[in-house]
There are 2 protein chains.
Amino acid sequence: MAGGIGSRFWPFSTNEKPKQFLDFFGTGRSLIQMTVDRFRPLVPIHNVLIVTNIAYREMILEQIPDLPVENILCEPARRNTAPCIAYATARIRAMVNEQRTKEQGQRTANIVVAPSDHLILNEAEFLRVVQEGFDFVEQNDALLTLGMKPTRPETGYGYIQKCRVESLECRVVESVKFKEVVKVKQFKEKPDLETAKQYVAAGDYLWNSGLFIWSLKSIENALTEHLPEVASIFAKGEKLMGTEQETAFIQEYFPQCPNISVDYGIMEKAKDVYVLPADFGWSDLGTWGSLHELSEKDADGNVATHCNAKFYNAHGNIVALDDKGQRTKDEGQKYVVIEGVDDMIVAQSGDVLLVCKKQDEQQIREFVKDYELFKL
Amino acid sequence: MAGGIGSRFWPFSTNEKPKQFLDFFGTGRSLIQMTVDRFRPLVPIHNVLIVTNIAYREMILEQIPDLPVENILCEPARRNTAPCIAYATARIRAMVNEQRTKEQGQRTANIVVAPSDHLILNEAEFLRVVQEGFDFVEQNDALLTLGMKPTRPETGYGYIQKCRVESLECRVVESVKFKEVVKVKQFKEKPDLETAKQYVAAGDYLWNSGLFIWSLKSIENALTEHLPEVASIFAKGEKLMGTEQETAFIQEYFPQCPNISVDYGIMEKAKDVYVLPADFGWSDLGTWGSLHELSEKDADGNVATHCNAKFYNAHGNIVALDDKGQRTKDEGQKYVVIEGVDDMIVAQSGDVLLVCKKQDEQQIREFVKDYELFKL
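Residues numbered from 1 in each chain as written. Chains lettered and ligands numbered in written order. Predicted model: local features only at pLDDT ≥ 70, side-chain atom pairs only at ≥ 80, totals over all residues. Heavy atoms only, no water.

Q: An account of the overall build of chain A is needed here, citing residue identities and associated values.
A: Along the backbone of chain A there are 11 helices and 16 strands. Since a compact globule built from 376 residues should have a radius of gyration of about 21 Å, the 22 Å found for chain A is in line with a globular shape. If you line up chain A on its principal axes, its C-alpha atoms span 65 × 50 × 35 Å. Sorting the 376 residues of chain A into buried and exposed places 55% on the buried side. A fraction of 72% describes how many contacts in chain A between residues 6 or more apart in sequence connect residues 24 or more apart. About 17,100 Å² of surface is accessible on chain A, with carbon and sulfur atoms providing 49% of the total. With 43 positive and 55 negative side-chain charges, chain A shows a separation of 3 Å between the mean positions of the two kinds. (Helix = DSSP H or I, 4+ residues; strand = E, 2+ residues; numbered from the N terminus. Rg over C-alpha atoms; globule rule 2.2 N^0.38 Å. Buried < 20%, exposed > 50% of the residue type's maximum accessible area, 1.4 Å probe, protein only. Contact = heavy atoms within 4.5 Å. Areas by Shrake-Rupley, 256 points an atom, 1.4 Å probe, with all protein chains shown as cover. Lys, Arg positive; Asp, Glu negative; His and termini not counted. Charge placed at Lys NZ, Arg CZ, Asp CG, Glu CD.)

Structure below.
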């Protein structure tokens, strides 16, 4: 999933070049490149589908040159994650049918759905967990989500409450083999700080990562059951998927989908929903604050990315300057002096400079709106 | 005088393009252009001398195209204001002698010495005061400085204490004609805040503006008496001034001058030192804080120059972004969001971004040093 614009990371992340295409850590690899690379040991590139906006098609081809061009699925409109997943599911169905025809065999598919702009530190553990999930969904008609063991009372994430493993309702059929998997009791919206603290103290809450694993059949059934209006749209185009008429079909019918998340539209309603608690150093990189937390800090807790920053009597700040390739190698990085301030975001990209308290970063969406009005 | 580098205005002001060459107020005129223009009604351009560093010669010719090229006096080294004034004095002596020879008459000159990077709001009043000063020094062998009536206990300026006009020592010979002029009792270094408050309350202190008026003869005599080592250097080159050998002479001998200000070297030592109290909206534009004070503010006391700034819960800040002509007209000015901070300087120019508390702006010199070390 690579259609978002990551507006809370403005001004780095913009409509023209959203967060997933940025090299946040100065490693030379963008978040989407890191995401694709992460799956390579498990998923051959011709089985990787990227659902995005037409505007980002060229950027994807440029950043992932070995991705088959037909594996980029372009949404003509933003409709949140459920229609995005339904589109990919329809295409995977066509791919499976195509292979079945060719090979005269019965084929299915296991699917992992991942945002393209998250950070995962321990890739080996990540792959182990995804493989565990594949094994689980191959043997169970279930929807599986990866739940992150919380390390702090984060208010920027949704939470998943596990069932107590002792409780009968929570036993997975093959509970021995998949002893790490537990049933989901309920999904929780982003909490306030007090509630988040209670969740972490309770011990049976996990962060909702937005990473899903299921079989083709299970997600098709769930779509039909819980989002019939979406399923029926894609049923119309079933024969067109993977053909030359797919684009025209999507262009016309995709915008008719409701704007709805897969969490709200399916996961919270379906019965056979399971969570695999995991711990592989995950962040959704949703905000400057989360980037600050994840980054290497100096002795005063300051972080500087993409620039040479010098801090004087300053603590807990994050400074990021993006030059979007306008800089020649000779010029070197920009030099920033930060004096006398604590816990600030100082970010510059393109024609925008942002100076904002970390604790007020939820206001960035408002700044972006004002900026866009100004630009008109 | 245009040889300074205005380092407290970093990163706008740099070695490569100091403060006097910058268009601070977005009027389309740099400070040095405004300074030259200010004198035009009183001083013909062929009588304007600009003492500066060789590095800035081209910039001056570009910014003041009608200035005769020989009127730019290039210092091969920075030696503060006394040698700078001695050099200009020597050249003016040569100009006067040249004219005397041509016209067979006895000629002298009245001189006004002005920094090139100060702001003066009321130009008519300024010209009136300078003319008053000319009239005074034409009739009196005296050194005159313009003293600014203080409007606040500024710690960034030196002060001049006037003699009480009743006191005998303070009476100027022609006291009726020059009733505004009073004798200087003493010069005072930049005070701390408490002392500055006492000065302002006392009523007999003026800000030392660095603007001087005297006759050619008076400054020559003062140099000979109080800075004989400087005077003797220029006596050596007397015959060379205004000739093709001047540059070579200056190149060799100017660096031998001591590094000393005219205030310390002459004004504080000479006897016939007078001050003309004046009030024409003056600032030395020494710091970001002084620019903030002088600029038009929004309802929250914020100032934005050279950019489109939007302030959220922010007060008393000054934001300045300089693009040094790298921007095309189509691109428009940069957009800055400032949230949750008070009394800050946010300034960007070239490859440098500065975020600093206004009250700590005296540290900017230190930042510049660190930056220059970093660049090595």
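Now that the structure has been shown, the text picks up again.
Q: Lay out the confidence of the model for chain A in plain terms, naming residues and giving numbers.
A: Residue and element names in this part refer to chain A. Looking at chain A as a whole, its pLDDT mean stands at 90, while 93% of the residues score no less than 70. The spread of mean pLDDT over the elements of chain A runs between helix 10 (residues 288-294), the lowest at 86, and strand 3 (residues 110-113), the highest at 98. The ipTM for the predicted assembly is 0.75, set against a pTM of 0.76. (pLDDT = per-residue confidence, 0-100.)

Q: Tell me about the relation of the copies chain B and chain A, and name the residues and values.
A: Each copy superposes on the other: chain B lies on chain A with an RMSD of 0.1 Å after a rotation of 179° and an axial shift of 0.0 Å. In the structure described here, the two chain copies are related by an operation that fits a two-fold rotation axis. Looking at the interface residues of chain B, 97% of them are also at the interface in chain A, so both copies use one shared face. (Least-squares fit on C-alpha atoms with pLDDT ≥ 70 in both.)

Q: With reference to specific residues and values, describe the interface of chain B and chain A.
A: The partner chain A presents 32 residues to the 32 residues of chain B that form the contact. Both sides of the chain B and chain A interface together cover about 2,700 Å² of buried area, and 59% of this is carbon and sulfur. For the interface between chain B and chain A, the tally reads 0 salt bridges. Counting the contacts that link chain B with chain A gives 15 residue pairs in polar contact (both at pLDDT 80 or more). If you list the elements that add at least two residues to the side of chain B that touches chain A, you get strand 12 (308-312), strand 14 (335-339), strand 15 (344-349), strand 16 (352-357) and helix 11 (364-375) of chain B. (Buried area = accessible area lost by both parts, 1.4 Å probe. Salt bridge = Lys/Arg side-chain N within 4 Å of Asp/Glu carboxyl O. Polar contact = N/O pair within 3.5 Å; in protein donor to acceptor, adjacent residues only side chain to side chain.)

Q: Break down the sheet that holds strand 13 (residues 318-322) of chain A for me, citing the residues and quoting the values.
A: The mixed open sheet is built from 6 strands, whose spatial order is 11(A)-13(A)-15(A)-16(A)-14(B)-12(B). Each edge of the open sheet is held by one strand with a lone partner, namely strand 11 (303-305) of chain A together with strand 12 of chain B. Direction aside, the axes of adjacent strands within the sheet are offset by 10° on average. Inspection of the sheet shows strand 11 of chain A paired to strand 13 of chain A by 3 bridges, in the parallel sense. If you follow A:Ala304 over to strand 13 of chain A, its bridge partner there is A:Val319. Its contacts with the sheet place helix 11 (residues 364-375) of chain A against strand 15 (344-349) and strand 16 (352-357) of chain A together with strand 12 and strand 14 of chain B, and it is angled at close to 150° to strand 14 of chain B. (Pairing = 2+ DSSP bridges. Axes fitted to C-alpha atoms, helices over the stretch in contact; angles between N-to-C directions.)

Q: Pulling in residues and values, what's your account of the side chain of B:Gln63?
A: All names here are of chain B. Counting through the fold element by element, Gln63 comes out in helix 2 (residues 57-63). For Gln63, a relative accessible area of 13% translates into the label buried. If we skip the residues at most four places from it in the chain, Gln63 touches Gln20, Phe21, Ser30, Ile32 and Gln33.

Q: Now, about the packing of aromatic side chains: what can you tell me, with residues and values included?
A: Tallying each qualifying case throughout the model produces 42 aromatic pairs over all chains. For the ring pair B:Phe136 and B:Tyr274, a centre distance of 5.3 Å and an interplane angle of 65° mean the geometry is edge-to-face. Within this pair, whereas B:Phe136 is found in helix 4 (residues 123-139), its partner B:Tyr274 is found in strand 9 (residues 273-278), the two being separated by 138 residues in sequence. With respect to burial, B:Phe136 and B:Tyr274 carry one shared label: buried. Ring-pair connections join several aromatic residues into one group, and the members of that group are A:Trp10, A:Tyr371, A:Phe374 and B:Tyr335. Residue placement shows A:Lys183 over the ring face of A:Tyr274; its charged tip is 5.9 Å from the ring centre. (Phe/Tyr/Trp six-rings, centres within 6.5 Å; stacked < 30°, edge-to-face > 60°. Lys NZ or Arg CZ within 6 Å of the ring centre and 35° of its normal.)

Q: Which residues make up the sheet that holds strand 11 (residues 303-305) of chain B, and what values go with them?
A: Remark on secondary structure: sheet strands pair via backbone hydrogen bonds, oriented parallel or antiparallel. Here 6 strands make up an open sheet; going across it, the order is 12(A)-14(A)-16(B)-15(B)-13(B)-11(B) and the pairing mixed. Of all strands in the sheet, those bounded by a partner on one side alone are strand 12 (308-312) of chain A together with strand 11 of chain B. The average angle at which neighbouring strand axes cross in this sheet is 10°, direction not considered. Set on the sheet, helix 11 of chain B makes contact with strand 12 and strand 14 (335-339) of chain A together with strand 15 and strand 16 of chain B; between it and strand 14 of chain A the angle comes to about 150°.

Q: How would you sum up the pairing of strand 7 (residues 182-188) of chain A? Please name residues and give values.
A: Pairing analysis gives 4 bridges linking strand 6 (residues 159-162) of chain A to strand 7 of chain A, with the strands arranged antiparallel. When the sheet's bridge partners are listed, A:Lys162 is paired in strand 7 of chain A with A:Val184.

Q: With reference to specific residues and values, describe the state of the cysteines.
A: In total, this model carries 0 disulfides over all chains according to the counting rule given. No disulfide involves A:Cys74; its nearest neighbouring cysteine sulfur is the one of A:Cys84, lying 12 Å away. Note on A:Cys307: no disulfide assigned, nearest cysteine sulfur contributed by B:Cys356 at a separation of 17 Å. Residue A:Cys307 is classed as buried on the basis of its relative accessible area of 9%. (Disulfide = S-S within 2.5 Å.)

Q: Any chance you could break down helix 1 (residues 31-39) of chain B for me, citing the residues and the numbers?
A: Residues lying three or four places apart along an α-helix face the same way, a consequence of the helix completing one turn every 3.6 residues. Most of helix 1 of chain B is tucked away, with 8 of its 9 residues classed as buried. The inward-facing, buried residues of helix 1 of chain B contact strand 1 (50-53), helix 2, strand 3 (110-113), strand 4 (119-120) and helix 4 of chain B.

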